[in-house]
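Examining the three-dimensional arrangement
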Amino acid sequence: MAQSAISKLSVDHLMDAPLQQLIDELGITYKDAPITDEAFSGYAWVDKSGVVLAMPTGRSELEHECMARYLIGQAFRVDGLPELPDMFAVVDVTAPSRDFQKQLNQADEALRQVRAGGAA
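Notes on the structure in this doc start here. It should be emphasised that the depicted structure is a prediction, and the values quoted were computed from it without experimental measurement.

Observations regarding the sheet that holds strand β2 (residues 43-47)
To summarise the sheet geometry, strands pair through backbone hydrogen bonds and adopt either a parallel or an antiparallel arrangement. Strand order in the open sheet formed by 3 strands is β1-β3-β2, and the pairing between neighbours is mixed. Both edges of this open sheet fall to β1 (29-32) and β2, since each of them pairs with a single strand only. Strand-to-strand twist of the sheet, defined as the mean angle between neighbouring strand axes without regard to direction, takes the value 20°. Pairing between β2 and strand β3 (residues 50-55): 5 bridges, direction antiparallel. Across the sheet, Tyr43 pairs through a bridge with Ala54, a residue of β3.

In structure tokens form, the structure reads like this:
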């Protein structure tokens, strides 16, 4: 799929195309996730080399299909992507929460004080 087509990935195509076709079209690297916890449904990792989709093995076809498509939609920032049911939580580690940022700033300040010879 050409770059311009990737940037315009629609919800309809995301939900209707065969999953393997989506993976091939979008250049996604697919692998089995090493995490087997029942509460874990998979992850998509995006970096400058592309998108990696990792899904746990041994799940129902319905869970596998739904979560894979949702994670692909998140990775490609598809507009109009439906929300997951409340029982699922998706964490975007590229967009830390304000609390996380506040904790990170406090840790940085404490480290600066220690390096300057002060107490943390």
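From this point, the narrative continues.
A look at the packing of helix α3 (residues 19-26) against helix α4 (residues 61-75)
How two helices sit against one another is set out by the angle between their axes and by the gap between those axes. Between α3 and α4, the least distance of the axes is 11 Å, while the angle of their chain directions is 25°. The pairing of α3 with α4 is recorded here as roughly parallel in orientation. With respect to the hand of their crossing, α3 and α4 are arranged in left-handed fashion. Of α4, the residues touching α3 (which contributes Leu19, Leu22, Ile23 and Leu26) are His64, Glu65, Ala68, Arg69 and Ile72. Its residues assigned to classes, the contact of α3 with α4 shows 6 nonpolar, 1 polar and 2 charged.

Reading the values: the criteria
- Residues numbered from 1 in each chain as written.
- Predicted model: local features only at pLDDT ≥ 70, side-chain atom pairs only at ≥ 80, totals over all residues.
- Heavy atoms only, no water.
- Pairing = 2+ DSSP bridges.
- Helix = DSSP H or I, 4+ residues; strand = E, 2+ residues; numbered from the N terminus.
- Axes fitted to C-alpha atoms, helices over the stretch in contact; angles between N-to-C directions.
- Parallel < 35°, antiparallel > 145°, perpendicular 65-115°, else oblique.
- Left-handed = near helix turned anticlockwise from the far one by under 90°.
- Contact = heavy atoms within 4.5 Å.
- Nonpolar A, V, L, I, M, F, W, Y, C, P; charged D, E, K, R; others polar.

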